[in-house]
Amino acid sequence: MTQVPKFTKVQELIYELPIERVMRKDVVKVTPDTSMTELKEILRVNRISGVPVVDGEMLSGVISIEDLIKALVQGDVQAPVKKRMTTRLITVLESESVVEAVKKFAQYKVGRLLVVNDQGQLRGILTGGDITRGLLETISLDYHADEISRYRAKHIFEDIVSDQTSLILRYQVKAKDFKKAGNASSKLKRALDRLGAVPELIRRVAISAYEAEMNLIIHADGGGELTAELQPEVIRVTAVDHGPGIPNVDQAMSPGFSTAPNWIRELGFGAGMGLMNIKRCADSMKLQSTVGVGTQLEIVVHLRQDSGEQQNPNGRKEPEAL
Amino acid sequence: MTSLKEIVEKLNLETVSSAELTDRPVAGGYAADLLSCVMKGAKKDYLWVTLQAHVNVVAVASLLNLAGVIITEGNRPDQESIARADEEKITLLVTPKTTYTVVGELTLLGVRGES
């Protein structure tokens, strides 16, 4: 069984997010000449358990509450921190991804990591809590951006005012291109989804558009164009081609009737059900064809089952369908 | 309701797409090889059993929001179909068994078709 590991959003983020985006930059620090007594006050006031020791811009060590306790026990509290600090430093680069920090936390079992740049200058400090907070913030920002774009798409018909607003989506469909079959209707389906149409309507439009697209691919000599005109109340899907045309439209409409050649049927197309499916999904359909000239199929789906006659109490058009 | 994951395990199906196998409930089943029939008969969250393995199977599954597709008799989708399935987050499963056998096993697991 081939199981490809899948990543969650958080797993993706810890690989993408650089440490500088989640680290804390306002680091409490001491100089090598700060005394252990002064250090005690700094740790107490800031309620922290350790600080980096910085000489000018350069990180030279780290001193913790543990070092302070040892100094107290040994009566060495007047000593400068440079005498008692740890110089074995566990650092991460600010440009590295968060996953590197996660690895170091696991490897060294430390509570904080010092973040430096490639010149060894101290840039910030990082705890496990900072990572959690950074990830949550990033996820919520992404989510928010997604929500906003959805909101904007949804309100296109309210935001853009005209006497009659419609959005026209055109898709070119190539003859006998079975590899791309369904692409146009998939894109249309996605657009309707973005615009916030109700799932049942999306489904009806998608099925109709798919069958119309397939007809263009299977039957039209030079392919054709699939157009969807979206209005606040109605969606009109049109499939137009320039031949060969249907000799007998009534016959074409009867279930099971198909003129598709065998090789196309072997792919699963040409069941003679396409137009029936469209008729079933559409509120109305119109098929016009002239042999040698071309075929025009128009499919209409109303976005509201009451055909848009009712208005809500404040007289505004109810935008629930789109 | 039986989950997709459970079905994959019990029927010993091979996953060829990389969409995560979830506890997504399977609402029912449908079997046919003619795409327009599937368009008509398969419902949202249904599992579709077919011996078709080409890229349009993915298009149909995506348009109908199917829970997944079981491709039977050892037919395997090509790389293009798998790539498309990954893009559309469609689960493609393959098995050497026949459609008839798979449908029988699904029924025993409680996955029913439209009555």
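Conventions adopted
Residues numbered from 1 in each chain as written. Chains lettered and ligands numbered in written order. Predicted model: local features only at pLDDT ≥ 70, side-chain atom pairs only at ≥ 80, totals over all residues. Helix = DSSP H or I, 4+ residues; strand = E, 2+ residues; numbered from the N terminus. Buried ≥ 20, exposed ≤ 12 C-beta atoms within 10 Å, placed from the backbone. Contact = placed C-beta atoms within 7 Å. Axes fitted to C-alpha atoms, helices over the stretch in contact; angles between N-to-C directions. Parallel < 35°, antiparallel > 145°, perpendicular 65-115°, else oblique. Left-handed = near helix turned anticlockwise from the far one by under 90°. Nonpolar A, V, L, I, M, F, W, Y, C, P; charged D, E, K, R; others polar. pLDDT = per-residue confidence, 0-100. Arc of directions from axis to C-beta. Pairing = 2+ DSSP bridges.

Next up on the list: the overall build of chain A. The secondary structure content of chain A amounts to 12 helices and 10 strands. Residues counted as buried form 29% of the 322 residues belonging to chain A. A separation threshold of at least 6 residues defines the contact pool for chain A, and within that pool the share at least 24 residues apart is 62%.

Below, the discussion takes up the packing of helix α8 (residues 183–194) of chain A against helix α9 (residues 199–219) of chain A. All names here are of chain A. Packing of α8 against α9 brings their axes to within 8 Å, and their N-to-C directions diverge by 160 degrees. The angle between α8 and α9 falls in the class roughly antiparallel. Taken as a pair, α8 and α9 cross one another with a handedness that is right-handed. Where α8 approaches α9, its residues Ala-184, Ser-185, Leu-188, Lys-189, Leu-192 and Asp-193 are matched on the opposing element by Ile-202, Val-205, Ala-206, Ala-209, Tyr-210 and Glu-213. Split into classes, the residues belonging to the contact of α8 with α9 amount to 8 nonpolar, 1 polar and 3 charged.

Turning next to the interface of chain B and chain A. For interface size, the figure often reported is the accessible area lost on association. Listed by partner, the interface residues are 20 residues for chain B and 23 residues for chain A. If you list the elements that add at least two residues to the side of chain B that touches chain A, you get β1 (14–15), α2 (35–41) and α3 (55–63) of chain B. A class-by-class count of the residues in the side of chain B that touches chain A yields 8 nonpolar, 7 polar and 5 charged.

Let us now look at the confidence of the model for chain A. Taken as a whole, chain A shows an average pLDDT of 85; of its residues, 90% reach a score of 70 or greater. Confidence over residues 307–321 of chain A falls short of pLDDT 50; this stretch has 16 contacts with residues more than four positions distant or in other chains.

If you check which residues of helix α12 (residues 274–281) of chain A are buried, you get Gly-274, Leu-275, Asn-277, Ile-278 and Cys-281 of chain A. Mapping the buried residues of α12 of chain A onto a view down its axis gives an arc of 160 degrees, with all of them on the same face. Packing partners of the buried residues in α12 of chain A comprise α9, α10 (249–253), β9 (284–290) and β10 (294–302) of chain A together with α2 of chain B.

Moving on to the sheet that holds strand β4 (residues 112–116) of chain A. Residues and elements named next belong to chain A. An order of β3-β4-β5 is seen for the 3 strands of this open sheet, with the pairing classed as mixed. With partners counted over all chains shown, the strands left at the sheet margins are β3 (91–93) and β5 (122–127), one partner each. The mean angle between the axes of side-by-side strands here comes to 35 degrees, regardless of whether they run parallel or antiparallel. Bridge analysis of β4 against β5 gives 5 bridges, and the strand direction is antiparallel. In the strand pairing of β5, Val-116 is matched with Leu-122.

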